[in-house]
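# Structural overview
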Amino acid sequence: MDEENELELLQRYRRDRRILLDFLLSGSLIKKVVMPPGAVSLDDVDLDQVSVDYVLNCAKKGGMLELSEAIRDYHDHVGLPQMNNTGSAGEFFLVTDNESSGSPPKRAPPPVPEFMPPPAYTPTPVLTPPPDLTPPVADIVSSPVASSVSKSMSFNSTQVRELTIDDIEDFDDDDVEEVDNIRSLRRNRNDATDLALGLPSFVTGISDDDLRETAYEILLACAGASGGLIVPSKEKKKDKKSRLMRKLGRSRSESITSQSQQAPGLVGLLESMRVQMEISEAMDIRTRQGLLNALSGKVGKRMDALLIPLELLCCISRTEFSDKKAFIRWQKRQLNILEEGLINHPAIGFGESGRKASELRILLAKIEESEFLPPSTGELQRVECLRSLTEIAIPLAERAARGDLTGEVCHWADGYYLNVRLYEKLLLSVFDMLDEGKLTEEVEEILELLKSTWRVLGITETIHYTCYAWVLFRQHVITGDQGILQHAIGQLKKIPLKEQRGAQERIHLKSLRTKAEGEMGSQDMSFLQSFLSPIQKWADKHLRDYHLNFSERPVMMENIVAVAMISRRLLLEEPDVVQSTSITDRDQIDSYISSSIKNEFARILQAVDKVDMKHEHPLTLLAEECKKFLKKDSTMFMPILSQRHPQATVVSASLLHRLYGNKLKPFLDVAEHLTEDVVSVFPAADNLEQYIIALMTSACEEEAVEVFSKKLALYQIESISGTLVLRWVNSQLGRILGWVERSILQERWEPISPQQRHGSSIVEVYRIVEETVDQFFGLRVPMRSSELSSLFRGVDNAFQVYANNVVEKLASKEDLIPPAPVLTRYKKEAGLKAFVKKELFDPRLPDEKRSIEIDVLTTPTLCVQLNTLYYGISQLNKLEDSIWERWTRKKPRDKFPKKSMDEKSKIFSQKDSFDGSRQSINAAIDRICEYTGTKIVFWDLRLPFIDGLYKPSVSLSRLEAVIEPLDMELSQLCTIIVEPLRDRIVTSLLQAALDGLLRVLLDGGSSRVFNTADAKLFEEDLEVLKEFFISGGDGLPRGVVENQVARARQVIKLLGYETRELIEDLKSAGGLEMQGSRSKLGADSNTLLRILCHRSDSEASQFLKKQYKIPKSTV
């Protein structure tokens, strides 16, 4: 491959050098050009032997140029090493390869004579250099002059820089820019070595230039067969510039006009192709004249049926060349073509005439040797050998083949693979020589003209489309032009499939086989394999790393995919193609995706490894880079691949998921705590996985998602991080409980401020809870609902513990209420021994002792506790809403959207998150309110209310006496308690006051006796109590108060009944209570009994004595 690259570079260098010299000699840079002896025009001069340095020096000085001196200067310097002329004598370039030259010579080198450059103006004639001074072509090819551009040939040299625009009269600024752009375009070529045809090299070593020139001769012969071949006069040719020179010397405005002046018809087309194929005018004239001379005397013979190289050898003599070496080179090419076409690659095998192959080789060798013999002997040998060669070669070439008649077609250039190489050179003429990325304007006419060569070259429709597609695709690779790629795809699509070809063409294509060295050694390849395999391999190679090759040209990728698929389809029809595991287009696309994703992932890994990871874990950066890459992949490349593979996005995303998962798994296996690395890696990895799943979901249908989801090995980050988060939550909840208990112990139950009438402990509890919640949501690791539920349960439990601790030290309500006295009857009755069915309170335990044992909190303390509990429950809603709002933002998305209703029902509701806390706090508030009311009535107001009311008689001790102290207590409550709890605490006080009133009326002791007339006074007192709590509308709602006093009103109503009625009702109440109903008066037997015990009536006393054995009062 390297040798082929060097050879191609050498040939291009030679052509560019000729173009440069042609431009310099044809323009006005040099005032006068003196031709060497024997040359009439520049067409007769071999520009390969003209020194560019000498020409540039003459152009710089503006003097006359003698080409004979330029040729001599070239030969004098051709064997010397190339110097850079920087002024240092110690720098040089070796002519030979120091590694392959062997050991140094033993003898000393001969002295080098000092070289004196000839004067610029020397009008004396110079003879043509003798043959021994002119190096052979092989020496020129191997010379370092040909492999590296010397200083004299460089556009950046000092001499060239000294030429200014002012020195060039006929050059516009636009033309200079255009030429510079063309030079840059032609030199910046991409490497197309991967597209080299799978064809072996020629035995004779014919070059691309030889093939190009021979192809042009075939084109002229085929054009001559249709009568389109004429020989222009030299005078007319002499004044004409080549197409290139005209374009370089004219402005843009003139280019359009000059193109329209091109000769019409076949003549103009051939002239265009001559320029495109870089054939000199002198060679063109010689070839045309030679073909016309060869056809003369051959009546009925078509020009394209001639054995063209042989006929040209016979018709073109040495005298038509200005230089002998040029003639030798031309003759050598013709002889090599004959050997390749008739011997090495014959369209028809020799069969029994195989001995003629050796005879042909001998004759060809003798013709070549004749040029080195004395002129008389050499010319005679040449003529005799040509005659013998004609006698042997023409019958061989005119044998019938592929259905033609004997002599109808001359089979000398249609042997495979010589024919396709020649046809390739013809096809290359469709490209504009000044802009290789564009097709020439006459492309359609050129292709139509090339069809005339099919007969000579044995080209079929399939061969044409295949060769043309390869030529176009190779040119696209070199130039990067998208228009040429589109043309190449069009030609690939025109290649008929196997069943679309005719039977004769199928047989012909089957016979076109050759052996070539490949990656697996020598391979036997068919025609389509030789041309399409390089295309497919090139496309496959670039598509297997499309992220690298098409990152800046995604539009080009779509065309390359089309090229790969079409060429693959055509190659799969070849019988000897090894079937790979990729059977369908989808499988092939899968392989592209897999290979390119892996390559890009490897590059990402390398890039991440080079980054200084002081503050971020590599897996975090890797996940972020993978996500960026996947976004670019899904928007840039997947739409293209999805046209041929609907699940391309899924394949790409799932593969990247697996590749990152392989790097992530070792990290997941050792993650046990919420370290900084875990908090950094887990969110990035989960974010990547979520994006991949969302991408897969959006790229295919729901059924396909389910299929791929089963194959996708999820990272399980939520599960792993959930376990770690639960550990953290549990440790934090233990810390919260410790704070709760410590806050309760340190609480003094004093208001924080007049505006904040709650204790400080609840503030501390909320502070620690909110800190924990902040830390919980500060954990950027993925979480499930179960972790949130655990947090809710822990916080809920903390507030329940707090509420329970607040009410834990409250005394029992029963401890505040004094024991009920023993039931007695009116004292005027005969005394009987007391007989009590139930256990009585021990009267021997004094109240003073009980007050010491009971820790009764003050009313302000109880109010602060109520305010604190209310603050706790009121802030719960705010805390709960905050948690849910933050969870909604953080809420993990469903891995796959389809979820059963059972799973959804398991997620706890947002409304019951802190129900346990609310119930506990409300229960604690109710208990404290009830306790406070009982404490005020039965403990603080015990003397005026429980012990002093209605003593010694109702009329002397009314309820109004209790209202004043009760009002003081109520004022104290309302001053401290928060507004939302005011009605609750006042209602509890009302209930306690009513309980105290009923206690006085029903269990007032032996010192309290009432009659029916007292009921009216009781009613009045009840109204006073009721209005006190209503307070003219500023207190409790009237309806609430009425409901509360209804029970006391019922008892007062019973106190107004006569004793007989009460006794009768009590008698009937026992049986009715057993039946589940009340007595006629609507009272239970216990209430009726106590009313009778307090009745100052002998009838009642007698009844109680007789029926219940109740003792008489001791008062």
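### Focus: the overall build of the protein chain
Scanning the protein chain from N- to C-terminus turns up 48 helices and 6 strands. Per-residue burial over the protein chain gives 49% buried out of 1115 residues. Looking at the protein chain as shown, the accessible area adds up to about 54,700 Å², and 52% of this sits on carbon and sulfur atoms.

### Comments concerning the packing of aromatic side chains
A full pass over the atoms with the stated rule returns 22 aromatic pairs. Aromatic side chains Tyr766 and Phe799 sit 4.8 Å apart centroid to centroid with 45 degrees between the ring planes, which places their arrangement in the tilted category. Here Tyr766 is found in helix H34 (residues 760-778), whereas its partner Phe799 is found in helix H35 (residues 785-808), with 33 residues between them in sequence. Residue Phe799 is classed as buried on the basis of its relative accessible area, which comes to 0%. The interplanar angle of 70 degrees and the centroid separation of 6.1 Å between the aromatic rings of Phe1103 and Tyr1108 together place this pair among those described as edge-to-face. Aromatic rings pair up to connect Phe202, Tyr416, Tyr417, Trp470, Phe527 and Phe531 into one cluster. If you follow Arg286 out to its NZ or CZ, it ends over the ring of Phe321, 4.0 Å from the centre. Just above the ring of Trp739 sits the side chain of Arg742; from NZ or CZ to the centre is 4.8 Å.

### Topic: the pattern of salt bridges
Going through the model one piece at a time under the given rule, you end up with 52 salt bridges. Of the charged contacts in the structure, one is a salt bridge between Asp585 and Arg568, with a shortest N-O distance of 2.9 Å. Here Asp585, found in helix H27 (residues 585-610), pairs with Arg568, found in helix H26 (residues 554-572); they are 17 residues apart in sequence, far enough to count as distant. When its relative accessible area of 31% is taken as the criterion, Asp585 is described as partly exposed.

### Remarks on the side chain of His542
Structurally, the position occupied by His542 is in helix H24 (residues 527-543). The exposure class assigned to His542 is buried, which follows from its relative accessible area of 15%. At 2.9 Å, the side chain of His542 and the backbone oxygen of Trp538 are in polar contact.

### Side note on the nonpolar core
Of all hydrophobic cores here, the largest spans 280 residues; its most connected members are Tyr660 and Phe1029. Top contributing element to this core by residue count: helix H43 (residues 979-1003), with 13 residues. Not counting residues within four places of it along the chain, the set of residues in contact with Tyr660 comprises Phe601, Leu619, Leu622, Ala623, Cys626, Val681, Ala685, Leu688 and Tyr715. Membership of the second largest hydrophobic core comes to 20 residues, among which are Phe23, Ile30, Leu47 and Leu56.

### Digging into the confidence of the model for the protein chain
Confidence in the prediction for the protein chain averages 79 pLDDT; 78% of positions are at 70 or higher. Per-element averaging of pLDDT across the protein chain places helix H5 (residues 144-147) at the bottom with 34 and helix H22 (residues 482-494) at the top with 94. Within the model, the stretch residues 84-101 combines pLDDT values under 50 with 11 contacts to residues more than four positions away or in other chains.

### Remarks on the packing of helix H14 (residues 308-315) against helix H17 (residues 375-397)
Relative orientation of the contacting elements H14 and H17 amounts to 155 degrees, with a least axis distance of 11 Å. In terms of axis orientation, H14 runs roughly antiparallel to H17. Helix-helix and strand crossings are classified by hand; for H14 and H17 the assignment is left-handed. Facing H14, whose interface residues are Leu310, Glu311, Leu313 and Cys314, H17 presents Arg382, Leu386, Leu389, Thr390, Ala393 and Ile394. Grouping the amino acids of the contact of H14 with H17 by side-chain chemistry returns 7 nonpolar, 1 polar and 2 charged.

### Comments concerning the side chain of Lys425
Among the structural elements, Lys425 can be located in helix H18 (residues 418-427). Accessibility expressed as a relative area gives 8% for Lys425, which makes it buried. Non-local contacts of Lys425, meaning those with residues more than four positions away in its chain, are made with Asp208, Leu211, Arg212, Ala215 and Met277.

### Considering helix H15 (residues 324-344)
Note on helix geometry: an α-helix contains 3.6 residues per turn, so any two residues three or four positions apart are oriented the same way. Taking 1.5 Å per residue, 21 residues should reach 30 Å; H15 reaches 28 Å between its end C-alpha atoms and fits that length. Among the 21 residues in H15, 17 count as buried, and that is most of the element. Its side-chain oxygen at 3.1 Å from the backbone nitrogen of Lys325, Asp323 defines the N-terminal cap of H15.

### Concerning the packing of H27 against helix H28 (residues 618-636)
A pair of packed helices is captured by two measures, namely the crossing angle of their axes and the spacing between those axes. The geometry of H27 relative to H28 is characterised by a closest axis approach of 10 Å and an angle of 140 degrees between their N-to-C directions. Comparing the axis directions of H27 and H28 gives the class oblique. Handedness of the crossing formed by H27 with H28: right-handed. In this structure, H27 contributes Ile597, Glu600, Phe601, Ile604, Leu605 and Val608 to the contact, and H28 contributes Pro618, Leu621, Leu622, Glu625, Cys626 and Phe629. Taken together, the residues of the contact of H27 with H28 break down into 10 nonpolar, no polar and 2 charged.

### Notes on unusual backbone geometry
In this chain, Tyr416 is followed by Tyr417 through a cis amide linkage whose omega measures 20 degrees. Counting through the fold element by element, Tyr417 comes out in the loop between H17 and H18. Cis geometry marks the peptide bond from Lys951 to Pro952; its omega dihedral reads -5 degrees. Here Pro952 shows up in the loop between helix H41 (942-947) and helix H42 (960-976). For Trp749, which is not glycine, the phi dihedral falls at a positive 55 degrees. Position of Trp749 among the secondary structure elements: in the loop between helix H33 (717-746) and H34. By relative accessible area, which is 13% here, Trp749 ends up buried.

### A short note on the pairing of strand S4 (residues 435-439)
Here strand S3 (residues 431-432) runs beside S4; their pairing, made up of 2 bridges, is antiparallel. Bridge pairing in S4 places Asp432 opposite Asp435. Between S3 and S4, which pair antiparallel one after the other, the connecting turn spans 2 residues.

### Regarding the environment of Ser785
Structurally, Ser785 is set in helix H35. Judged by relative accessible area, Ser785 falls into the partly exposed class, the value being 24%. Each C-alpha atom of the pair Ser785 and Lys891 lies 8.2 Å from the other, and the pair is 106 residues apart in sequence.

### A closer look at the environment of Leu823
Following the sequence through the fold, Leu823 ends up in the loop between helix H36 (813-816) and helix H37 (847-853). Separated by 288 residues in sequence, Leu823 and Pro1111 place their C-alpha atoms 7.6 Å apart. Not counting residues within four places of it along the chain, the set of residues in contact with Leu823 comprises Asp1003, Leu1089, Arg1090, Cys1093, Ile1110 and Pro1111.

### Things to note about the environment of Arg329
Relative to the elements of secondary structure, Arg329 occurs in helix H15. Spatially, the C-alpha atom of Arg329 lies 9.6 Å from that of Asp210, the residues being 119 residues apart in sequence.

Here is what the cut-offs are and how they apply
- Residues numbered from 1 in each chain as written.
- Predicted model: local features only at pLDDT ≥ 70, side-chain atom pairs only at ≥ 80, totals over all residues.
- Heavy atoms only, no water.
- Helix = DSSP H or I, 4+ residues; strand = E, 2+ residues; numbered from the N terminus.
- Buried < 20%, exposed > 50% of the residue type's maximum accessible area, 1.4 Å probe, protein only.
- Areas by Shrake-Rupley, 256 points an atom, 1.4 Å probe, with all protein chains shown as cover.
- Phe/Tyr/Trp six-rings, centres within 6.5 Å; stacked < 30°, edge-to-face > 60°.
- Lys NZ or Arg CZ within 6 Å of the ring centre and 35° of its normal.
- Salt bridge = Lys/Arg side-chain N within 4 Å of Asp/Glu carboxyl O.
- Polar contact = N/O pair within 3.5 Å; in protein donor to acceptor, adjacent residues only side chain to side chain.
- Core = buried A, V, L, I, M, F, W, Y, C linked by side-chain atoms within 4.5 Å.
- Contact = heavy atoms within 4.5 Å.
- pLDDT = per-residue confidence, 0-100.
- Axes fitted to C-alpha atoms, helices over the stretch in contact; angles between N-to-C directions.
- Parallel < 35°, antiparallel > 145°, perpendicular 65-115°, else oblique.
- Left-handed = near helix turned anticlockwise from the far one by under 90°.
- Nonpolar A, V, L, I, M, F, W, Y, C, P; charged D, E, K, R; others polar.
- Expected span 1.5 Å × (residues − 1).
- Pairing = 2+ DSSP bridges.

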